[in-house]
Amino acid sequence: MNSSSKGKIGIIGSGLIGKSWAMLFVGAGYNVVIYDIVKDQVDNALVDIGKQLAALQERGLLRGTTSAGEQFQLVGTSDNLRQCVQDAIYVQECVPESLEMKLSLFKELDSLADKETILASSSSAIPCSKFTENLTNRHRCIIAHPVNPPYYMPLVELVPSPWTEQNVIDRTRSLMTELGQSPVTLKKEVRGFIQPRIQYAIIMECLKLVEENVLDIEDVDKLVKDGLGLLSAFLGPFEMNHLNDKNGIRSFFASHLDEADLVLSSLGAPVPMDSSSPLIREISNRLESVVPVKDLVERRRWRDERLAALAKLRSDLDKDRDSC
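Let us look at the structure shown here. (Residues numbered from 1 in each chain as written. Predicted model: local features only at pLDDT ≥ 70, side-chain atom pairs only at ≥ 80, totals over all residues. Heavy atoms only, no water.)

The 8 strands lie next to each other as β3-β2-β1-β4-β5-β6-β7-β8, forming an open sheet whose pairing is mixed. The open sheet has two edge strands with one neighbour each: β3 (75–78) and β8 (182–185). Here the average twist between neighbouring strands, direction ignored, is 25°. Here strand β1 (residues 8–12) pairs with strand β4 (residues 90–93) via 4 bridges, running parallel. Note that in β4 the partner of Ile12 across the bridge is Glu93. Each of β1, β4, β5 (118–121) and β6 (141–146) touches helix α5 (residues 99–112); the most contacted strand, β5, lies at about 170° to it. (Pairing = 2+ DSSP bridges. Helix = DSSP H or I, 4+ residues; strand = E, 2+ residues; numbered from the N terminus. Axes fitted to C-alpha atoms, helices over the stretch in contact; angles between N-to-C directions. Contact = heavy atoms within 4.5 Å.)

This part covers the packing of helix α9 (residues 217–232) against helix α12 (residues 278–290). The geometry of α9 relative to α12 is characterised by a closest axis approach of 10 Å and an angle of 75° between their N-to-C directions. What the angle tells us is that α9 and α12 run roughly perpendicular. Mapping the contact onto sequence places Ile217, Glu218 and Asp221 in α9 and Glu282, Ile283, Arg286 and Leu287 in α12. For the contact of α9 with α12, the per-class residue count stands at 3 nonpolar, no polar and 4 charged. (Parallel < 35°, antiparallel > 145°, perpendicular 65-115°, else oblique. Nonpolar A, V, L, I, M, F, W, Y, C, P; charged D, E, K, R; others polar.)

In terms of nonpolar packing, the biggest core is built from 38 residues, with Ile11, Trp21, Phe25, Val32, Ile34, Tyr90 and Met176 touching the most fellow members. Element by element, the count of residues in this core is highest for helix α1 (residues 16–27), at 6 residues. If we ignore the near neighbours within four places in the chain, the residues touching Met176 are Trp21, Phe25, Tyr90, Val156, Leu158, Gln181 and Pro183. Counting 24 residues, the second-largest nonpolar core is a separate cluster that includes Leu81, Leu109, Ile126 and Cys128. (Core = buried A, V, L, I, M, F, W, Y, C linked by side-chain atoms within 4.5 Å. Buried < 20%, exposed > 50% of the residue type's maximum accessible area, 1.4 Å probe, protein only.)

Under the definition given, this model contains 13 salt bridges. As a salt-bridge pair, Arg286 and Glu218 come within 2.9 Å of each other at their nearest N and O atoms. Of this pair, Arg286 sits in helix α12 while Glu218 sits in helix α9, and the two are 68 residues apart along the sequence. By relative accessible area, Glu218 is classed as partly exposed at 39%. A salt bridge links Asp304 to Arg303; its shortest N-O distance comes to 2.9 Å. Three or more residues are tied together by salt bridges with common partners; here these are Glu93, Glu97 and Lys102. (Salt bridge = Lys/Arg side-chain N within 4 Å of Asp/Glu carboxyl O.)

Counting across every chain of the model gives 6 aromatic pairs. Relative to Tyr90, the ring of Phe25 has its centre 5.6 Å away and its plane inclined at 45°; by these criteria the two rings are tilted. Separated by 65 residues along the polypeptide, Phe25 in helix α1 and Tyr90 in strand β4 bring together distant segments of the chain. By the burial criterion, Phe25 is buried, and Tyr90 matches it. These aromatic residues form a ring-pair network of at least three members: Trp21, Phe25, Tyr30 and Tyr90. A cation sits over an aromatic face here: Arg138 above Trp163, 4.1 Å from the ring centre. Above the plane of the ring of Trp302 lies Arg299, whose end atom (NZ or CZ) is 3.6 Å from the centre. (Phe/Tyr/Trp six-rings, centres within 6.5 Å; stacked < 30°, edge-to-face > 60°. Lys NZ or Arg CZ within 6 Å of the ring centre and 35° of its normal.)

Let's shift gears to a nonpolar patch on the surface. A grouping of Ile194, Ile198, Ile202, Leu223 and Val224 is seen on the molecular surface, where their side chains present a nonpolar patch of about 410 Å² in accessible area. Put simply, the parts of the chain that give the nonpolar patch at least two residues each are α8 (195–211) and α9. With respect to the secondary-structure elements, Leu223 resides in helix α9. (Patch = residues over 30% accessible without salt bridge, like charges linked within 9 Å, V, L, I, M, F, W, Y side chains within 5 Å. Areas by Shrake-Rupley, 256 points an atom, 1.4 Å probe, with all protein chains shown as cover.)

Glancing now at the packing of α1 against helix α2 (residues 39–58). Close contact between α1 and α2 brings their axes to 10 Å; oriented N to C, the two are set at 50°. Regarding the angle of α1 to α2, the classification is oblique. The two elements α1 and α2 cross, and the hand of that crossing is right-handed. Along its contact with α1, which presents Lys19, Ala22 and Met23, the element α2 presents Ala45, Asp48, Ile49, Gln52, Leu53 and Leu56. (Left-handed = near helix turned anticlockwise from the far one by under 90°.)

Structure (structure tokens):
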């Protein structure tokens, strides 16, 4: 371990999310060991991390106070799970969204990791209680669900199980804040966590607008990216409406009560997201005509570049505000 490191972090899985977590941790000065059962994959991940850190530095987006080269020196790899988690203060699991896989992995982690090590999962939907209930050290397990891509999207959902200790929740939230992420802590487990629930609510109403011939597919996307999306880059829904009403949030709720009830009562039943339905086929065909599946990688790169620019803008604006 690097003598200047703040401590060791174990990353289980060397895919996109695992690599992103690794870059966040080394940016904050932690020593990282990435584990994967496929040696070639973890070797390739190490090369990719080096390239990404260098690119981030070149564009002025590298986190932390050390250089890309110094951060890269904090990254190590292993194809031995015990070696990866031994002496780690925190372990972040980044394996596929499979209950069976998480059950098996966390059973191993329960016996291999030190007794004070926090065992966190990047699970995007499976609650912690589903795969930790029978563990000896289940009290130190928690969900730390990032938003993709994590390096540019700071939100992390922290979802404790009914038996997760408060100390584990507090330590994880403090660690996420130290990384420069923006943690939100759920007070209890709910199906789908929070961000997916909000996403599903939005996509459901968008589907209805197309199904009921209110808007074209292109205009639905425009409605969000050129309207709510712009405000949402800087404001949450409560503060947004607190500012929108000249007398603040209390006035907003009072003045919109009747209209909101009428709109909400008109929403009707959810639209099934069945891939074989005519509506979903129409939307899929339209999107694939604009961005063919073969071009998705390039389009994601385009998305990430714009997220990077937005992240830099937000950072610059925060610095300006702090200096006032």
